[in-house]
Amino acid sequence: MGFCYNKPMPLLKDYIREPKIAYFSMEIGLRDDMYTYSGGLGVLAGDIVRSAADLNIPFVAVTLISRKGYFNQEIDEDGHQIELPAIWEPSRHMNTAPERVSVRIEGRTVHIQAWVYFVESLRGGSVPVIFLDTDLPENSEEDRQITDYLYGGDDAYRMKQEAVLGIGGVRMLRRLGFKIKKYHMNEGHAAFLTLELLHDYKRDIESVWDESYIWDVESVKELCVFTTHTPVEAGHDKFSYELYDRILGDYFPKNVLKRLAGEENLNMTLLALNLSKYINGVAKRHGEVSQDMFPGYQINAITNGVHSYTWTAESFRRLYDKYLPGWANEPEIFVRVGVIPDEELWDAHMEAKRRLIDYVNTVYNAGMDYHTLTIGFARRATAYKRADLLFYDIERLERIGTGRLQIIYAGKAHPKDIEGKHLIEKIYSAMKRLRGKINIVFLKNYSMEIALRVISGVDVWLNTPLRPLEASGTSGMKAAHNGVLNFSVLDGWWIEGHIEGYTGWSIGPGPEEAKHIDDINRVDAEDIYHKLENLIIPTYYNDRKTWIRMMQNAIGKNAYYFNTHRMMRRYVTEAYIR
Ligand SMILES: *Cc1c(COP(=O)(O)O)cnc(C)c1O
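Bear in mind that the values here come from a model prediction, so they are computed numbers and not experimental data.

Points about the side chain of H286
Tracing the backbone shows H286 in helix α9 (residues 284-293). Those residues in contact with H286 that lie beyond four places of it in its chain are T228, H229, T230, P231, G281 and A471.

Observations concerning the domain arrangement of the protein
Domain annotation for the protein reports domain 1 (3-74 + 82-305 + 567-576) and domain 2 (314-562). Relative to domain 2, the C-alpha centre of domain 1 lies at a distance of 32 Å. In this assembly, 34 residues from domain 1 lie in contact with 36 residues from domain 2. It is D32, Q73 and R285 that lose the most area in domain 1 upon contact with domain 2, and together they represent 25% of the buried surface on that side.

Considering the packing of aromatic side chains
For the coordinates displayed, the defined rule picks out 25 aromatic pairs. Taking the centre distance of 4.7 Å and the plane angle of 40° together, the rings of Y70 and F71 count as tilted. By the burial criterion, Y70 is buried, and F71 matches it. Considering the side-chain rings of Y561 and F562, the 4.8 Å spacing of their centres and the 75° angle between planes classify their relative orientation as edge-to-face. A relative accessible area of 24% places Y561 in the partly exposed class. The buried category is assigned to F562, whose relative accessible area is 2%. Taken together through their ring pairs, the aromatic side chains of W346, F487, W505, Y540, Y541 and W547 make up a single cluster. The ring of Y359 has R453 sitting right over it, with the charged end atom 4.3 Å from the ring centre.

A closer look at the sheet that holds strand β18 (residues 485-489)
On the basis of which strands lie adjacent, the open sheet formed by 6 strands has the order β16-β15-β14-β17-β18-β19 and parallel pairing. The open sheet has two free edges, formed respectively by β16 (439-443) and β19 (504-507), since each of these has just one partner strand. Neighbour to neighbour, the strand axes of the sheet diverge by 20° on average, direction disregarded. Note that strand β15 (residues 405-410) and β16 share 5 bridges and pair parallel. Each residue of the ladder has a partner; that of Y409, found in β16, is F442.

Quick look at the confidence of the model for the protein
Looking at the protein, the pLDDT average stands at 95 and 98% of residues meet or exceed 70. Here residues 1-6 is a poorly scored stretch, pLDDT under 50, and it has 26 contacts once near neighbours within four places are set aside; other chains count.

Quick notes on the rules
Residues numbered from 1 in each chain as written. Predicted model: local features only at pLDDT ≥ 70, side-chain atom pairs only at ≥ 80, totals over all residues. Heavy atoms only, no water. Helix = DSSP H or I, 4+ residues; strand = E, 2+ residues; numbered from the N terminus. Contact = heavy atoms within 4.5 Å. Domains from an automatic or database assignment. Buried area = accessible area lost by both parts, 1.4 Å probe. Phe/Tyr/Trp six-rings, centres within 6.5 Å; stacked < 30°, edge-to-face > 60°. Buried < 20%, exposed > 50% of the residue type's maximum accessible area, 1.4 Å probe, protein only. Lys NZ or Arg CZ within 6 Å of the ring centre and 35° of its normal. Pairing = 2+ DSSP bridges. Axes fitted to C-alpha atoms, helices over the stretch in contact; angles between N-to-C directions. pLDDT = per-residue confidence, 0-100.

This is how it looks when you write it as structure tokens:
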């Protein structure tokens, strides 16, 4: 990605003087050769850290080392996904701190070390990222593997990872000498940190009639910020209390824990909700959906963004540098996108497009060309994203698109997500069926590098989530930074970014109306075909001027707003300094 680089190790002691915001995330996307992310949640965490560094926000991030990564994706000829460990070597990127901490897990003392990576802004700011690691000789063979696989293993493995992240993370920050003024939980995975803080704020009282009184919930709440990302109940981490007994035992009294995290299950989201003063969803709509899911809590909304510089292709960086100097650290400057001459905007797009088409032709022998309208769809392969919706009526797609469309896919399915894997197979079979008519290619091993290449090099960015499951979505914001037009279901951020025929196009009915429709797949698919045939294809081939006007609007209205610089300024004023 070229943005984060490592100079000789800065000194941690230079970082601990000023009190910091501590940002906890199970995954983080910093560089492509550090396999510590799986998808949107981790890429967002990386973008947050990059913006915090640019904006000089006093910030430190805490995550797990994930030595064996999420996984490397291979795909066989029939579209079956094969998962291989994604092993990487932390010492090639960073050093360890001399300090160690430990957490008691299953009655054993598990020792934890910290790798420290510094994300440095081209503007001089920098943010340390602490990677927790249990792969130490003094740990048992089993415990050495706790920080190996991102989202791997069973419930027990997950709870151990979350104990290392939440409890180990707070202890490590303290041991390293950090003073922390807010703890920000990116999703419920880190919610055990609240219990560790409750231990710190325990009231010193000999005997009380109610044991919960000795736990100073209010003081801990003052310290905690929680961002929820999951608009469905089933998506939240829940553990049985038997598992808690086995793994964390008497770490925290269970009768009090049950009041904070749920009577029946240990619900990590509930724990975070009950111990955070500021809670938010990741788009306006998601805030409302979360508010319905969690009545009794005040759920705010700060819509996500992306790190503008990271997600802008080389040709557009040059263009913006020429006409909109300062854009990378002040994306509001995109409001003046109109000063860029149409031809130069189109040239920058064609340069990014040629780079992508050359890549898919060379590596995948995709047989694509520069002048055919190109649709991109790349994101985690999971059922609600409906990667196969475009093939709902494949004959109709064939009629509309033959000789006029080419399509680029990418995305990993979680190893246990059978439906997600099935989606990849469906794309492969459509690819075979339409070969020579509509060229389709599936790029393996979706990563940030491939994301930038695809997102900037296609003409249209397609997104078809099942409402309301796309909490925000960020890849469409990356597309907008490169003048690529969104064609998307009205869910997540697109409800806020969409102006029909102006910044892009919607698919299907709005979020309220969609609730009352049973065969939403059919309705959405029909709208895709209708708009492709009557609006998108004709505009692309016959009305280049309108197309370029829309590209400008995507930049001037969408990239202008949906960036992590704006988002972080809001976190600072609405969540961190309250
Ligand atoms: C941006 C990004 C995502 C998130 O994409 P969505 O469409 O928002 O789900 C996932 N994976 C990678 C590698 C990304 O860069």
